[in-house]
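Report on the structure
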Amino acid sequence: MSKKTSFIPIGTFIVLAIVYQCFADVSDKLKQAQTHQEQRQYAQAEQIYKQIVKANPGTEDSFQAQKNLAILYVEWDKQPQAQAALQELIGNFSGHKDIAAVVTYVADAFRKMERHEKACEIYRYVVDNWPKDEHAMWSQMNLVISNTCLGNNDYAETAFKKLCSDYSGYELIAKAICLVADNYRKLEQYEKACELYKRALDNKPDVDTALWSMMGLGISNLHLGEEFAAQQVFYKLHTDFAEDERMATAGCLIGDEYRSLEMYDKACELYQYVIDKWPGTEKAMWSQTNMGNIKLDLGDENAARAIFDKVLADFAGHPVLPKAVDLMAYGYYRKALSKNKE
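What comes next is a walk through the structure. (Residues numbered from 1 in each chain as written. Predicted model: local features only at pLDDT ≥ 70, side-chain atom pairs only at ≥ 80, totals over all residues. Heavy atoms only, no water.)

Digging into the side chain of T209
Put simply, the test is: Secondary structure follows DSSP: runs of H or I at least 4 residues long count as helices, runs of E at least 2 residues long count as strands, and numbering of each begins at the N terminus. Burial status follows relative accessibility: with a 1.4 Å probe on protein chains alone, a residue under 20% of its type maximum counts as buried, one over 50% as exposed, and anything between as partly exposed. Within 3.5 Å is the distance limit for a polar contact, defined as a pair of N or O atoms, with the added protein rule that one can donate a hydrogen and the other accept it, and that residues adjacent in sequence qualify only through two side-chain atoms.
The residue T209 is located in helix α11 (residues 207-223) in this model. Taking relative accessible area as the criterion, T209 reaches 3% and is therefore assigned buried. In this structure the side chain of T209 is engaged in a polar contact, spanning 2.8 Å, whose partner is the side chain of D206.

Here you go:
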């Protein structure tokens, strides 16, 4: 009894190979364009993105290229082209599962360039057209942030109330509130920041949000001159997250805030905590470097040199050591400027 052998014709293999190569080529072109964009070689990136969009209409590659093209024009400060690219993106991919997300990303690009009015226009579009999508929540959050940056405080307050009411059941609402608080802290509106950090902590935050909210609350208290309240928050932060590796970052950042307020003993205490608890990490390197610069600020150049020498020895070969060296050099530069002024 003979058996029939099934096989795929050689021509089919050739077609499949060509199709695979086409996909690979497009993927490589996207990566190439993204590299150009990251290096601010906008004209080169623009040309590649346009080629992908034209040659692959309706595909996922075209979707990504069109999104990147819109963001590129924002970064390139070509506002009419950015608007046209965004409209084309929405027109061609209105039913795409990620359309709300990528439109939000374009708005984010405008916000990062401090084009807050345009960002708000796009954020409102996302909220109005995809109100149940998670990115509608992020857009509503950014409406608060952008309007706060614009000084539209009444509108920002109204937008915040809508954020809390419309998205109260969303898993990451506490994170959104924390990020709004971060923006108030960045703008040195510390009382409002404290209010919102407390609210974030009351909204059953995830571990990450709880840690950063607590840190932000303590730092805001510190800048309000409420040192005892800040110390209480930092003690709870240390107690609740003692073994969390993110505490290395938090400790370094809190130390930086003490240093900015010229509370050098407390800053060094925090830096030493990071060095002792997480030796050999990048945060330990920054903590040691900052301690050295504090010694320079205090006029103890011998102690500073000893600390800097230890950084160079402990972190030889570390990829970001050159940045630490730059920071050391800047410390000496500031010291020289200070002496000249005297």
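Back to the text.
Quick notes on helix α9 (residues 173-186)
Spacing of three or four residues puts side chains on the same side of an α-helix, whose turn is 3.6 residues. Going by this rule: Expected span of a helix: the number of residues minus one, times 1.5 Å. Whether two residues are in contact is decided by their heavy atoms: any pair within 4.5 Å suffices.
Spanning 14 residues, α9 covers 20 Å between terminal C-alpha atoms, matching the ideal 20 Å at 1.5 Å per step. Those residues of α9 lying buried are I173, A174, A176, I177, C178, V180, A181, N183, Y184 and R185. Where the residues of α9 are buried, they touch α7 (134-150), α8 (153-166), α10 (190-202), α11 and α13 (246-260). Downstream of α9 by one or two residues, E188 has phi in the positive range, about 65°.

Looking at the packing of α8 against α9
Filter applied, for reference: Only the stretch in contact is used when fitting a helix axis, every axis being a line fitted to C-alpha atoms; angles between N-to-C directions are given from 0 to 180 degrees. Put simply, angles under 35 degrees are roughly parallel, angles over 145 are roughly antiparallel, angles from 65 to 115 are roughly perpendicular, and the rest are oblique. Should the near helix be turned anticlockwise from the far one by less than a right angle, the crossing is termed left-handed; should it be turned clockwise, right-handed. Classes in brief: Ala, Val, Leu, Ile, Met, Phe, Trp, Tyr, Cys and Pro nonpolar; Asp, Glu, Lys and Arg charged; the others, Gly included, polar.
In contact at an axis separation of 11 Å, α8 and α9 are set at 160° when each is read in the N-to-C sense. With respect to their mutual orientation, α8 and α9 come out roughly antiparallel. For the pair α8 and α9, the sense of crossing is left-handed. Taken together, the residues of α9 that come into contact with α8 (itself represented by A156, F160, L163 and C164) are I173, A176, I177, V180 and Y184. Partitioned by chemical class, the residues of the contact of α8 with α9 number nine nonpolar, no polar and no charged.

Topic: the environment of A303
Position of A303 among the secondary structure elements: in helix α16 (residues 301-314). Look at A303 and you get partly exposed, because its relative accessible area is 22%. In sequence terms A303 and M291 are 12 residues apart; their C-alpha atoms lie 9.5 Å from each other.

Description of the packing of helix α5 (residues 99-112) against α7
Put simply, α5 and α7 touch, their axes get as near as 9 Å, and they point 15° apart. As the angle between them shows, α5 and α7 are arranged roughly parallel. α5 and α7 meet at a crossing whose hand is left-handed. Facing A100, A101, T104, Y105, D108 and R111 of α5, the residues of α7 in contact are H135, S139, N142, I145 and S146. Partitioned by chemical class, the residues of the contact of α5 with α7 number four nonpolar, five polar and two charged.

Concerning the packing of aromatic side chains
What characterises a pair of aromatic rings is the spacing of the ring centres plus the angle enclosed by the ring planes. We apply this condition: Pairing of aromatic side chains requires ring centres within 6.5 Å, counting the rings of Phe and Tyr and the six-membered ring of Trp. Pairs whose planes differ by under 30 degrees are stacked, by over 60 edge-to-face, and all others tilted.
Counted by the stated rule, this structure contains nine aromatic pairs. When the ring of Y73 is compared with that of W76, the centres are 6.4 Å apart and the planes differ by 5°; the resulting orientation is stacked. Using a relative accessible area of 25% as the deciding quantity, one classes W76 as partly exposed. When the ring of F308 is compared with that of Y332, the centres are 5.8 Å apart and the planes differ by 65°; the resulting orientation is edge-to-face. Of this pair, F308 sits in helix α16 while Y332 sits in helix α17 (residues 321-341), and the two are 24 residues apart along the sequence. On the basis of relative accessible area, Y332 is assigned to the partly exposed category, the value being 32%.

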